[in-house]
Amino acid sequence: MSELKAFDHLMLADGELFHNSKGRACPFPAPLAPLADTHGHLGSLKLHDPALALARAALAGVRLLVVPIDPVGEFPRKWKDAHELEDFLATHIQIARDCLDEAAELGFIPPEFAGWDVPALLDNVYIVAGTHPYGAAGYSDAAEALTRELLASPYAVGVGEIGLDFGPYNEVAPEVQVDAFRRQLRLAHEFNLPAELHIRDAAGDAGCTAHRMAADILREEGVPAAGCDLHCFTSNKHVMEDYKQLGCHIAYGGAATFSRSDEIRQALAYTPERFVITETDCPYMAPVPLRGEECEPAMVAFTAALVADVRAEAGVERREDTYRSLWRNACELFGLPVGEPACVN
């Protein structure tokens, strides 16, 4: 396996998976249940090889990864068609299997979760497909046809990320974004799949216009029967409440760990147990203590620990119950088996 020796550097001599920019070990908190990264851009990693990232995630206790795929933003720039995307996933999953075999020889194996009947991560990698608001102007009939093809893939479990972005990096007119959002919500209804939402307000918009408009559109079009989640939640308790009333899951990522994210953590403490999930949004927003590094799916371990800590400190639920909720909610959202053991008091 000489071609896999690059994997050696991921463990280093100290046996730790994670190291900060100064090379210091950052021991990750042992997960109390299988971990789910419900939104990780595996095809956008630049500093990490996708196969090695999958192997590292498995070693960190991740048992589910959902990869967003953008028909407008990523085709043909990354993959020429749906078949090439499937080949990308299958190839890197197989290389990751070889990596884990090598890791086992070095004494590193994925954690076991006693009593749980859940797949290994490499048997539990899926996609959601949808055009990001940045690409809404390119959501043509051809893009919709490709979206339909992607949603027919055996890897597909949802539509996304779709929505509205009125932030500083998007120049697409709001009415164009709204049209693409509505069309793709209708696909979620048609395919009976959940939707992953990307909603961002303009800087300094105290009225949360994008979130308010998106909630109105969900009421008009109907929340997909299979559900939806508000990806990369970085707003406040009041915004969370609006989506809670619509029955949406709320996905917390690395931003919840940042020192100035008090509003996010307050929303996290108040999010109903049945709606809270975790993600990385890798390669963006690596969690503390790895902030500034390129994020990868394995880092969801730090976010899950923060979520459990915040909810325990708020008296909402025990840490172990939060871990179970995070896994259960992710699986149920995407229509996957939970494999949860009977509750032990």
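Just so you know, these numbers come straight off a predicted model, no measurement behind them.

A few points about the overall build of the chain
Reasoning step 1: Within the chain, the secondary structure is distributed over nine helices and eight strands.
Reasoning step 2: Computed over its C-alpha atoms, the radius of gyration of the chain comes to 19 Å, within 12% of the 20 Å expected for a compact globule of 345 residues.
Reasoning step 3: With respect to the principal axes defined by its C-alpha atoms, the chain has extents near 55 × 50 × 40 Å.
Reasoning step 4: Counting only residues that meet the buried cut, the chain has 58% of its 345 residues in that class.
Reasoning step 5: Long-range pairs, those at least 24 residues apart, make up 77% of the contacts in the chain between residues at least 6 apart in sequence.
Reasoning step 6: For the chain, the accessible surface area stands at approximately 14300 Å², while carbon and sulfur atoms represent 51% of it.
Reasoning step 7: Side-chain charges of the chain comprise 28 positive and 52 negative groups, with the mean position of each set lying 5 Å from the other.

Looking at the sheet that holds strand β2 (residues 62-69)
Reasoning step 1: Spatial ordering of the open sheet is given by β1-β2-β3-β4-β5-β6-β7-β8, a layout of eight strands whose pairing is parallel. Two strands bound the open sheet, and with one partner strand each, they are β1 (35-37) and β8 (276-278). Within this sheet the neighbouring strands show an average axis-to-axis angle of 30°, counted without direction.
Reasoning step 2: Inspection of the sheet shows strand β6 (residues 228-230) paired to strand β7 (residues 249-252) by two bridges, in the parallel sense. Each residue of the ladder has a partner; that of L230, found in β7, is I250.

Comments concerning the pattern of salt bridges
Oppositely charged side chains are able to pair whenever their charged atoms sit close together.
Reasoning step 1: According to the stated counting rule, one finds 21 salt bridges in the structure shown.
Reasoning step 2: For E340, the salt bridge is made with R324, and the minimal N-O distance between the two is 3.1 Å. Residue E340 is located in the segment after α9 (319-333), and its partner R324 is located in helix α9; the two are separated by 16 residues in the primary sequence.
Reasoning step 3: Classification of R324 as buried rests on a relative accessible area of 14%.
Reasoning step 4: Each of the salt bridges in this network shares a partner with another, and the network as a whole consists of D141, E144, R148, R183 and E190.

As for helix α3 (residues 141-151)
The periodicity of an α-helix, 3.6 residues per turn, causes residues three or four places apart in sequence to face the same way.
Reasoning step 1: Those residues of α3 that fall on the buried side of the exposure criterion are A143, E144, L146, T147, L150 and L151. Projected down its long axis, α3 carries its buried residues within an arc of 160°, all on one side. Seen from the open side of α3, the exposed residues pointing more than 90 degrees away from its buried face are D141 and A142.
Reasoning step 2: In this structure, the buried residues of α3 make contact with β2, α2 (82-105), β3 (125-129), β4 (156-165) and α4 (174-191).

Points about the side chain of E144
Reasoning step 1: Here E144 lies in helix α3.
Reasoning step 2: In terms of polar contacts, E144 uses its side chain to reach the side chain of R183, at 3.1 Å.
Reasoning step 3: Residues contacting E144, with those up to four places away along its chain left out, are Y139, R183 and L187.

Looking at the packing of helix α7 (residues 262-270) against helix α8 (residues 300-313)
Reasoning step 1: Running from N to C, α7 and α8 point in directions that differ by 70°, and their axes come no closer than 9 Å. With respect to α8, the axis of α7 lies roughly perpendicular. Taking contact as the criterion, the partners of R265, L268 and A269 in α7 are, on α8, L306, V307, V310 and R311.
Reasoning step 2: By residue class, the composition of the contact of α7 with α8 is five nonpolar, no polar and two charged.

Overview of the state of the cysteines
Reasoning step 1: Scanning the model with the defined rule gives zero disulfides in all.
Reasoning step 2: Of all cysteine sulfurs, the one in C232 lies closest to C208, which takes part in no disulfide; the gap is 15 Å.
Reasoning step 3: Take C208: its relative accessible area is 14%, and that puts it in the buried class.

Re the packing of aromatic side chains
Reasoning step 1: Taken as a whole and assessed by the stated rule, the structure comprises five aromatic pairs.
Reasoning step 2: Ring geometry for F18 versus F302: centroids 5.1 Å apart, planes at 75°, classification edge-to-face. With a gap of 284 residues between them, F18 in the segment before β1 and F302 in helix α8 connect regions that are remote in the sequence. Each member of the pair, F18 as well as F302, is classed as buried.
Reasoning step 3: Summarising the aromatic geometry, the rings of F233 and Y252 are spaced 5.7 Å apart at their centres and angled 70° between planes, so their arrangement reads as edge-to-face. Of this pair, F233 sits in the loop between β6 and α6 (237-245) while Y252 sits in strand β7; the two residues are 19 residues apart in sequence, bridging distant segments of the chain. There is no split in this pair, since F233 and Y252 are both buried.
Reasoning step 4: Each member of the aromatic cluster is reached from another via a ring pair, and the members are F18, F28 and F302.
Reasoning step 5: Above the plane of the ring of Y270 lies K237, whose end atom (NZ or CZ) is 3.7 Å from the centre.

Procedures and definitions
Residues numbered from 1 in each chain as written. Predicted model: local features only at pLDDT ≥ 70, side-chain atom pairs only at ≥ 80, totals over all residues. Heavy atoms only, no water. Helix = DSSP H or I, 4+ residues; strand = E, 2+ residues; numbered from the N terminus. Rg over C-alpha atoms; globule rule 2.2 N^0.38 Å. Buried < 20%, exposed > 50% of the residue type's maximum accessible area, 1.4 Å probe, protein only. Contact = heavy atoms within 4.5 Å. Areas by Shrake-Rupley, 256 points an atom, 1.4 Å probe, with all protein chains shown as cover. Lys, Arg positive; Asp, Glu negative; His and termini not counted. Charge placed at Lys NZ, Arg CZ, Asp CG, Glu CD. Pairing = 2+ DSSP bridges. Axes fitted to C-alpha atoms, helices over the stretch in contact; angles between N-to-C directions. Salt bridge = Lys/Arg side-chain N within 4 Å of Asp/Glu carboxyl O. Arc of directions from axis to C-beta. Polar contact = N/O pair within 3.5 Å; in protein donor to acceptor, adjacent residues only side chain to side chain. Parallel < 35°, antiparallel > 145°, perpendicular 65-115°, else oblique. Nonpolar A, V, L, I, M, F, W, Y, C, P; charged D, E, K, R; others polar. Disulfide = S-S within 2.5 Å. Phe/Tyr/Trp six-rings, centres within 6.5 Å; stacked < 30°, edge-to-face > 60°. Lys NZ or Arg CZ within 6 Å of the ring centre and 35° of its normal.

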